[in-house]
Amino acid sequence: MSHDIELSIIIVSWNVRRDLEACLQSLRGNSEVPYETIVVDNASADDTLAMLRDYPEVHVIANPDNRGFAAANNQGLAVAQGQWLLLLNPDTVVPPGTLRRLLDFARAHPEAGVIGPRLLNPDGSLQYSCRHFPTVTAGMFRHTFLGRLFPHVRSMREYLMCDWPHDAPRAVDWLSGAAMLISRPAYAQVGMLDEGFYWGSEDVDYCYRMHQAGWEVLYTPEASITHAVGRSTDQVQIPTIIRTHRSMQRLFAKHLARNGLERALITGGIWLRA
């Protein structure tokens, strides 16, 4: 770790050159924070690597194949030198001053292992980026075909936290990995992301492990980032569906389903939904 680098930003990219360039350009507007940027590219077939030559300040790790989201983030985390670690999606835009406000909040809350800013959709509307851990009941409606039949079930709305205005800092169960700030001491204790989650649910798992280790997970609206969802995954919809649902199954089996019956019910429902 270098005390000269306040923040390490780790971005995993795959065939999203235009989004990544917009993200990197927006980061240049946050120069009041001493940060480093690490881009881990998962074998993009577009001209991402050529574009990155225009950003000599970026440390590039070019993978020969697609190693998945969790594994690629771990590559970046392994070489990061900052006092804080920010996992950031390439389809984000970070307005000027955002990183300073995010780190000021982090300094004021040393009990937090993970902090998430408010995420906004490109049209400026709120993106539900923090949630409760899903119960088996919520999981049955959120992660199975039942959710399409009964979209307004109370347990699912509570899981999504959509009845809360997201206008004040709050301790939450988990935060979206699209913009996840990790403290260095918490990272030293909890470790890397679980690479068994190739795509999806790795953020839920990581926050769960933070809670297990005694760290808080905090949401703050004091910093806002715009996030366009799914720019990479939209390119490969069928593999994404399979990987996402496989990750859901792994999450429930690892943390949330208490017995074999619950695991069987969730597993069956998840794959019917897929």
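Structure first, text after, so check above.
Just so it is clear, the structure is predicted and the values come from calculations on it, not from any experiment.

(A) Spotlight on the pairing of strand E1 (residues 7–13). Among the 7 residues of E1, 7 are classified as buried, and the element is accordingly described as predominantly covered. Burial along E1 is two-sided: Leu7, Ile9, Ile11 and Ser13 and Ser8, Ile10 and Val12, pointing in opposite directions, are all buried. Handedness of the crossover joining E1 and strand E2 (residues 35–41) through helix H1 (residues 17–27): right-handed. Pairing of E1 with strand E4 (residues 84–88), which is carried by 5 bridges, proceeds in the parallel orientation. Each residue of the ladder has a partner; that of isoleucine 9, found in E4, is leucine 86.

(B) Expanded view of the nonpolar core. Of all hydrophobic cores here, the largest spans 33 residues; its most connected members are Val114, Ile182, Tyr206 and Met210. One finds Cys23, Leu103, Ala112 and Ala179 within the second-largest nonpolar core, a separate group that totals 31 residues.

(C) Broad picture of H1. Here H1 has its buried residues at Leu20, Cys23, Leu24, Ser26 and Leu27. Down the axis of H1, the smallest arc covering the buried residues is 160°, so these residues share one side.

(D) Highlighting the environment of valine 16. Looking at the secondary structure, you find valine 16 in the loop between E1 and H1. Judged by its relative accessible area of 5%, valine 16 falls in the buried class. For the pair valine 16 and serine 44, spaced 28 residues apart in sequence, the C-alpha to C-alpha distance is 8.0 Å.

About the thresholds
- Residues numbered from 1 in each chain as written.
- Predicted model: local features only at pLDDT ≥ 70, side-chain atom pairs only at ≥ 80, totals over all residues.
- Heavy atoms only, no water.
- Buried < 20%, exposed > 50% of the residue type's maximum accessible area, 1.4 Å probe, protein only.
- Helix = DSSP H or I, 4+ residues; strand = E, 2+ residues; numbered from the N terminus.
- Right-handed = clockwise from strand over helix to strand, strands pointing away.
- Pairing = 2+ DSSP bridges.
- Core = buried A, V, L, I, M, F, W, Y, C linked by side-chain atoms within 4.5 Å.
- Arc of directions from axis to C-beta.

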